[in-house]
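# Coordinates in review
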Amino acid sequence: MALHFTSEQRLDDGVLERKFTLGEIPGILWTPTSASAPAPLILLGHPTLGLHKMYPRLVARARHAAADGFATATIELPGSGDRPRWAAIEQARADLRRAREAGEPVSDEIIDALVLPLVDKSVPEWQAALDALLPLPEIGGPVGYSGGVISIGIRLAVVEPRIVAAGLFAGSLVPRAMFAEARQVTIPLHVLLQWDDEGNDRQAALDLFDAFGSKEKSLHANMGGHTGVPQFAGDAAAQFFTRHLK
């Protein structure tokens, strides 16, 4: 897939933001303008809300990473944002909403329908983004993956050898099949868990952490709900990537 830059702007703290298309897929690349050597790259994962809606949080993460000397990049997920609607995923989201509104447990069938097709389709797209971004002169290796749908991070950690460390948010529904893949993960992991996350099964998150095959894995649990992640949690994640990507 060909990479085409469509716009660029310099943010006020020495970060160059460039929007691009990868084939039909929109994306954004942020690079620190002060870097004297090619910068390591962190892929910024995000939930399926669309890049436009997620932009304020993504650009804040990108600025934080640039201050530490990292380039960051993200791409729009299938069926999200300006990409074509995906009927099967929309049906699964509707089923999830219905179950939650009725106070029913979310079935394995709904979780599988919601997550597995997304992982199958999006992971090759993230790999194509790496193929296109890593040859740029301002970007070097190694590569990290940060945040987003945790099942996408798990699959990438297993199949993509260029990713050497991952920071994961333990806050999305995880199909049972992903637990077997988690056992194959061997790269260092930094896992963030909000202890009182209303939309997240805490025990499932703990079981998933237990399943990861990595020799170096740390679980950072903080009190509070999904949006109550404390500022210092970001600092700890930044230190993790500095340790493994520099």
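Here we summarise the structure given alongside this text. (Residues numbered from 1 in each chain as written. Predicted model: local features only at pLDDT ≥ 70, side-chain atom pairs only at ≥ 80, totals over all residues. Heavy atoms only, no water.)

## Things to note about the overall build of the protein chain
Quick note on the threshold: Strands here mean DSSP runs of E at least two residues long; helices mean DSSP runs of H or I at least four residues long; both are numbered from the N terminus. The size measure is the radius of gyration over C-alpha atoms, and the globule rule it meets is 2.2 Å times the number of residues to the 0.38 power. Only protein chains enter the calculation, and the probe is 1.4 Å; a residue is then buried if its accessible area is under 20% of its type maximum, exposed if over 50%, and partly exposed in between. Contact definition: two residues touch when any of their heavy atoms are within 4.5 Å. Every accessible area reported is derived by Shrake-Rupley at a probe size of 1.4 Å, with residue values counting cover from the shown protein chains alone.
Looking only at helices and strands, one finds seven helices and nine strands in the protein chain. At 17 Å, the protein chain has a C-alpha radius of gyration in line with the 18 Å of a compact globule built from 246 residues. Along the three orthogonal principal directions, the C-alpha set of the protein chain runs to about 55 × 40 × 30 Å. Burial analysis of the protein chain (246 residues in total) assigns 49% to the buried set. In the protein chain, of all internal contacts separated by at least 6 residues, the share reaching a separation of at least 24 is 67%. Looking at the protein chain as shown, the accessible area adds up to about 11,600 Å², and 55% of this sits on carbon and sulfur atoms.

## Focus: the nonpolar core
Put simply, the test is: What makes a nonpolar core is a set of buried Ala, Val, Leu, Ile, Met, Phe, Trp, Tyr and Cys residues whose side-chain atoms join them at distances within 4.5 Å.
Within the largest apolar cluster, 58 residues are counted, with the highest numbers of intra-cluster contacts made by Leu 41, Leu 133, Ile 152 and Phe 212. A per-element tally of this core places helix α3 (residues 108-133) first, with 13 residues. Those residues in contact with Leu 133 that lie beyond four places of it in its chain are Leu 3, Phe 20, Leu 29, Leu 41, Ala 73 and Ile 139. Grouped together as the second largest cluster of nonpolar side chains are 18 residues, Leu 11, Met 54, Phe 240 and Leu 245 included.

## Structural notes on the packing of aromatic side chains
By convention here, two paired aromatic rings are described through the distance between centres and the angle between planes. Counted only if it meets this: A pair of aromatic rings is counted whenever rings of Phe, Tyr or Trp (Trp by its six-membered ring) have centres within 6.5 Å, and the orientation is called stacked for planes under 30 degrees apart, edge-to-face for over 60 and tilted otherwise. Note on criteria: charge over ring means Lys NZ or Arg CZ within 6 Å of the ring centre, with the direction from the centre no more than 35 degrees off the ring normal.
Following the criterion strictly, the structure yields three aromatic pairs and no others. On the basis of an interplanar angle of 70° and a centroid distance of 5.2 Å, the ring pair of Phe 240 and Phe 241 is categorised as edge-to-face. Sitting over the ring of Tyr 55, Lys 19 keeps its end group 5.8 Å from the ring centre. In this arrangement the basic side chain of Lys 217 is found over the ring face of Phe 209, its NZ or CZ atom lying 5.0 Å from the centre.

## A look at α3
We apply this condition: To estimate the expected span of a helix, subtract one from its residue number and multiply by 1.5 Å. Bend at a residue means the angle formed by two fitted axes: the first through the 7 residues ending at that position, the second through the 7 residues beginning there.
The end-to-end C-alpha distance of α3, which contains 26 residues, comes to 36 Å, matching closely the 38 Å that a straight helix rising 1.5 Å per residue would cover. The sharpest bend along α3 measures roughly 30° and falls at Val 119.

## What to know about the layout of surface pockets
Here is the rule: Both cavities and pockets are sets of points on a 1 Å grid over the protein atoms alone; in a cavity a 1.4 Å probe fits but cannot get out, in a pocket the set is open with protein on both sides within 12 Å along at least five of seven lines, and lining residues sit with an atom within 4 Å of a point. Grid points are joined across faces, edges and corners, and a volume is the space filled by probe spheres set on the points. Here the nonpolar group is Ala, Val, Leu, Ile, Met, Phe, Trp, Tyr, Cys and Pro; Asp, Glu, Lys and Arg are the charged ones; every other residue, Gly included, is treated as polar.
Taken as a whole, the second largest pocket spans an internal volume of roughly 430 Å³. If one sorts the elements of the lining of the second largest pocket by residue count, helix α6 (residues 202-211) sits on top with five residues. Class assignment for the residues of the lining of the second largest pocket results in 12 nonpolar, four polar and seven charged.

## A few points about the sheet that holds strand β2 (residues 15-22)
Sheet strands line up and pair through hydrogen bonds in the backbone, either parallel or antiparallel. Let me state the cut-off plainly: In this description, strands pair whenever DSSP reports at least two bridges between them. For every element, the axis is a line fit to its C-alpha atoms; helices are fit only across the contacting stretch, and the angle between N-to-C directions ranges from 0 to 180 degrees.
Spatial strand order, β1-β2-β3-β5-β4-β6-β7-β8-β9: nine strands in an open sheet with mixed pairing. If you trace the sheet from one side to the other, it starts and ends with β1 (3-11) and β9 (217-222), each paired once. For this sheet, the mean angle separating the axes of adjacent strands, direction not counted, is 20°. Relative to strand β7 (residues 163-169), helix α7 (residues 231-245) is tilted by about 170°, and along the sheet it contacts β4 (39-45), β6 (139-147), β7, β8 (189-194) and β9.

## Looking at the environment of Glu 90
Among the structural elements, Glu 90 can be located in helix α2 (residues 87-101). Between the C-alpha atoms of Glu 90 and Thr 74, which are 16 residues apart in sequence, the distance is 22 Å.

## Looking at the packing of α3 against helix α4 (residues 150-159)
Where we set the bar: Any angle that is under 35 degrees is reported as roughly parallel, and any over 145 degrees as roughly antiparallel; angles of 65 to 115 degrees are reported as roughly perpendicular and all others as oblique. Here a crossing is called left-handed whenever its near helix is offset anticlockwise from the far helix by less than a right angle, and right-handed whenever the offset is clockwise.
Relative orientation of the contacting elements α3 and α4 amounts to 50°, with a least axis distance of 9 Å. The angle between the axes of α3 and α4 places the two elements in the oblique class. Here α3 and α4 pass one another in a crossing that is right-handed. Taken together, the residues of α4 that come into contact with α3 (itself represented by Val 115, Leu 118, Val 119, Asp 120, Ser 122, Val 123, Trp 126 and Gln 127) are Ser 151, Ile 152, Arg 155, Leu 156 and Val 159.

## Focus: α4
Among the 10 residues of α4, eight are classified as buried, and the element is accordingly described as predominantly covered. Considered for burial, the residues of α4 that qualify are Ile 150, Ser 151, Ile 152, Gly 153, Ile 154, Arg 155, Leu 156 and Ala 157. Structurally, α4 contributes buried residues whose contacts are with α3, β6, β7, α5 (176-182) and α6.

## Structural notes on the pairing of β1
On any regular strand, side chains alternate: one points to one face of the sheet, the next to the other face. Two elements, β1 and β2, share eight bridges in a ladder whose sense is antiparallel. Along β2, the bridge assignment pairs Gln 9 with Glu 17. As consecutive antiparallel partners, β1 and β2 are separated by three residues, and within that stretch Gly 14 has a phi angle of approximately 75°, a positive value.

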